[in-house]
Amino acid sequence: TLSGTRRHTRSRGVTVADDKHARPGKGPTMSLWSIWLVGFGVSADAFAASLTSGVKMGRFNYRHALIIALTFAGFQAAMPLLGWLMAANFTGFLDPFDHWIAFALLAIIGGKMTWEALQADEGDSGQESRLDLRRLLILGIATSIDAAAVGVSFAMLEVSILLAILCIGLITLVTSFAAVGIGHRIGVRFRRPAEFLGGVVLIIIGARILLEGLALF
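The model shown is predicted, which means the values in this text are computed figures rather than measured ones.

**Some words on the overall build of the protein**
- The helix and strand tally for the protein stands at eight helices and zero strands.
- Its helices and strands taken in sequence order, the protein reads α-α-α-α-α-α-α-α from the N to the C terminus.
- Looking at the protein as a whole, 47% of its 217 residues are labelled buried.
- A separation threshold of at least 6 residues defines the contact pool for the protein, and within that pool the share at least 24 residues apart is 93%.
- In the structure as shown, the protein presents an accessible area of about 11000 Å², 69% of it carried by carbon and sulfur atoms.

Structure (structure tokens):
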């Protein structure tokens, strides 16, 4: 699971911090199967966020869906690479407040989404919705912060970082695109309750990340 991956990653981070001479690729070999499992784990939050993006679509737009999927895939692939590059120093710098950042961003977006659902007019459901790039970028950052810690664990294993981030990016791309379509289908029938629920889901994701970061979950 994602929470298990995070806890495992944090324990790896402690090992890295204790050994300042550690170098990437000097630990046990990580199989391709394990990389795929990690990819599905870290893409879970992006999948949920993509569902909420699909719910907000008045009419399904393939170009918008692809942009959403590419954004989440890009962040989910870039963050592990960043963690791998910065290895030992990265977790020590980010750990004290990464969960607070993710929680704040997701809570703000989720709260705004629930408020808009309560205020929306029923006649708005058939209108073409614009792609909110600022909202999308914030979601991409908030749902991928944990993935940086995964990159730190990669630095302690014998694994091709390029293969790893390609797998993570590809999995996130496919699952996020599918999630946008699923979210849209739900939103077409249940526009306001689905949008409200989507906002609640984002807040729950943020709360879970915060509780994990505080070692309460």
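**What about the packing of helix α5 (residues 98-119) against helix α6 (residues 133-155)?**
- The N-to-C vectors of α5 and α6 enclose an angle of 145°; their axes lie 9 Å apart at closest approach. For the element pair α5 and α6, the recorded crossing hand is left-handed. Along its contact with α5, which presents D98, I101, A102, L105, L106, I109 and M113, the element α6 presents R135, I138, L139, I141, A142, T143, I145 and D146.

**Some remarks on the environment of T143**
- Considering the arrangement of structural elements, one finds T143 in helix α6.
- Between the C-alpha atom of T143 and that of A44, which follows or precedes it by 99 residues, the distance is 8.9 Å.
- For T143, the side chain forms a polar contact with the main-chain oxygen of L139, separated by 2.7 Å.

**Some words on a nonpolar patch on the surface**
- Taken together, F97, W100, I101, L211, L214 and L216 make up a surface patch of nonpolar side chains, about 540 Å² in accessible area.
- Along the polypeptide, I101 turns up in helix α5.

**Topic: α6**
- For α6, spanning 23 residues, the distance from its first C-alpha to its last is 32 Å, which sits close to the expected 33 Å at 1.5 Å a residue.
- Of all bends in α6, the biggest is about 40°, found at I145.
- Where burial is concerned, most of α6 is hidden: 18 out of the 23 residues are buried.
- Two or three places before R134, at the start of α6, stands the capping residue D132, its side-chain oxygen 3.3 Å from that residue's backbone nitrogen.

**What about the side chain of S43?**
- Here S43 shows up in the loop between α2 (32-42) and α3 (44-55).
- Among the residues examined, S43 registers a relative accessible area of 3% and is labelled buried.
- Discounting chain neighbours no more than four positions away, the residues touching S43 are I171, T172 and T175.

**Quick notes on the confidence of the model for the protein**
- For the protein, per-residue confidence averages 77 on the pLDDT scale, and 77% of positions sit at 70 or higher.
- When mean pLDDT is compared element by element in the protein, helix α7 (residues 161-189) scores highest at 90, while helix α1 (residues 2-18) scores lowest at 41.
- In the predicted structure, residues 123-128 sits below a pLDDT of 50 and forms seven contacts with residues beyond four places in sequence or in another chain.

**Focus on the pattern of salt bridges**
- Counted according to the given criterion, the structure contains two salt bridges.
- Across the pair D45 and R208 runs a salt bridge whose closest N-O atoms are separated by 2.8 Å. Of this pair, D45 sits in helix α3 while R208 is found in helix α8 (residues 191-213), placing the two residues 163 residues apart along the sequence.
- Put simply, R208 and E212 hold a salt bridge, and the shortest N to O gap is 2.9 Å. Taken as a pair, R208 and E212 lie in helix α8 at a separation of four residues, close to a single helical turn.
- One connected set of salt bridges, linked through shared partners, spans D45, R208 and E212.

**Details of the side chain of S176**
- Tracing the sequence through the fold places S176 in helix α7.
- Looking at S176, its side chain comes within polar contact range of the main-chain oxygen of T172, at 2.7 Å.
- Those residues within four positions of S176 in sequence are excluded, and the remaining contacts are A46, F47, S50, A69 and F72.

**Some words on the packing of aromatic side chains**
- By the definition in use, this model includes one aromatic pair.
- Between the aromatic rings of F60 and Y62, the centroid separation amounts to 4.8 Å while the plane-to-plane angle is 90°, which identifies the pairing as edge-to-face.
- Judged by relative accessible area, Y62 falls into the exposed class, the value being 61%.

What counts, and at which threshold
Residues numbered from 1 in each chain as written. Predicted model: local features only at pLDDT ≥ 70, side-chain atom pairs only at ≥ 80, totals over all residues. Heavy atoms only, no water. Helix = DSSP H or I, 4+ residues; strand = E, 2+ residues; numbered from the N terminus. Buried < 20%, exposed > 50% of the residue type's maximum accessible area, 1.4 Å probe, protein only. Contact = heavy atoms within 4.5 Å. Areas by Shrake-Rupley, 256 points an atom, 1.4 Å probe, with all protein chains shown as cover. Axes fitted to C-alpha atoms, helices over the stretch in contact; angles between N-to-C directions. Left-handed = near helix turned anticlockwise from the far one by under 90°. Polar contact = N/O pair within 3.5 Å; in protein donor to acceptor, adjacent residues only side chain to side chain. Patch = residues over 30% accessible without salt bridge, like charges linked within 9 Å, V, L, I, M, F, W, Y side chains within 5 Å. Salt bridge = Lys/Arg side-chain N within 4 Å of Asp/Glu carboxyl O. Expected span 1.5 Å × (residues − 1). Bend = angle between axes of the 7 residues up to and from the residue. pLDDT = per-residue confidence, 0-100. Phe/Tyr/Trp six-rings, centres within 6.5 Å; stacked < 30°, edge-to-face > 60°.

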